[in-house]
Amino acid sequence: MKCPFCSSEDTKVVDSRTMMDGSTKRRRECNNCLKRFSTYERFEESQIYVVKKDNRRVKYDREKLLRGLTFATVKRNISREQLDKIITDIEKGLQNSLVSEISSKELGEKVLEKLRELDQVAYVRFASVYKEFDDIKSFIEIVEEIKKD
């Protein structure tokens, strides 16, 4: 592993921990400059593609999904770990189903399902972008749907 400070490849692992999302956090130390840094390792599974509305196929991007969830949960009492768990649960479901592609609509529905359980405001925010609300009537309909439950 290359040191991010001095670019030396002479580093050692000081500590390793398995994270809740299944990734491994390693604390490393550079033998050259003696600075410490962390790396995160995640098992790379088969690549999943997202089929967009215009039928383009793009590689699934965990970070893009995290950005969308982060935006929907701004100023809500939702931790990064909770968002990571949502994404990990969705990814595990996709890997277990052995699909190589998923439509953006299906992916959005899976996210909405998880957000609905977690936080109703975040659910409405995500839905407003995902479902492309263009008027107040759309907001009212989704709020009424939540109130029924």
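One can find the structure itself at the top, above this paragraph.
No experiment lies behind these values; they were computed from the predicted model shown. (Residues numbered from 1 in each chain as written. Predicted model: local features only at pLDDT ≥ 70, side-chain atom pairs only at ≥ 80, totals over all residues. Heavy atoms only, no water.)

**Digging into the sheet that holds strand S1 (residues 11–18)**
Backbone hydrogen bonds hold the strands of a sheet together, and the pairing may be parallel or antiparallel. As summarised here, the arrangement of the three strands in space is S1-S2-S3, forming an open sheet in which the pairing is antiparallel. Edge positions in the sheet fall to S1 and strand S3 (36–41), since each has one partner strand and no second. In this sheet, neighbouring strand axes are inclined to one another by 25 degrees on average, regardless of whether the strands run parallel or antiparallel. Where S1 and strand S2 (residues 24–30) come together, seven bridges link them in antiparallel fashion. Looking at the pairing, Thr 18 lines up with Thr 24 of S2. (Pairing = 2+ DSSP bridges. Helix = DSSP H or I, 4+ residues; strand = E, 2+ residues; numbered from the N terminus. Axes fitted to C-alpha atoms, helices over the stretch in contact; angles between N-to-C directions.)

**Examining the pattern of salt bridges**
With the rule as written, the count across this model stands at 14 salt bridges. Between Glu 41 and Arg 26 there is a salt bridge whose closest N-O contact spans 2.9 Å. With a gap of 15 residues between them, Glu 41 in strand S3 and Arg 26 in strand S2 connect regions that are remote in the sequence. Looking at Glu 41, the relative accessible area reads 30%, which means it is partly exposed. Its salt-bridge partner being Glu 91, residue Arg 62 comes within 2.5 Å of it at the nearest N-O pair. (Salt bridge = Lys/Arg side-chain N within 4 Å of Asp/Glu carboxyl O. Buried < 20%, exposed > 50% of the residue type's maximum accessible area, 1.4 Å probe, protein only.)

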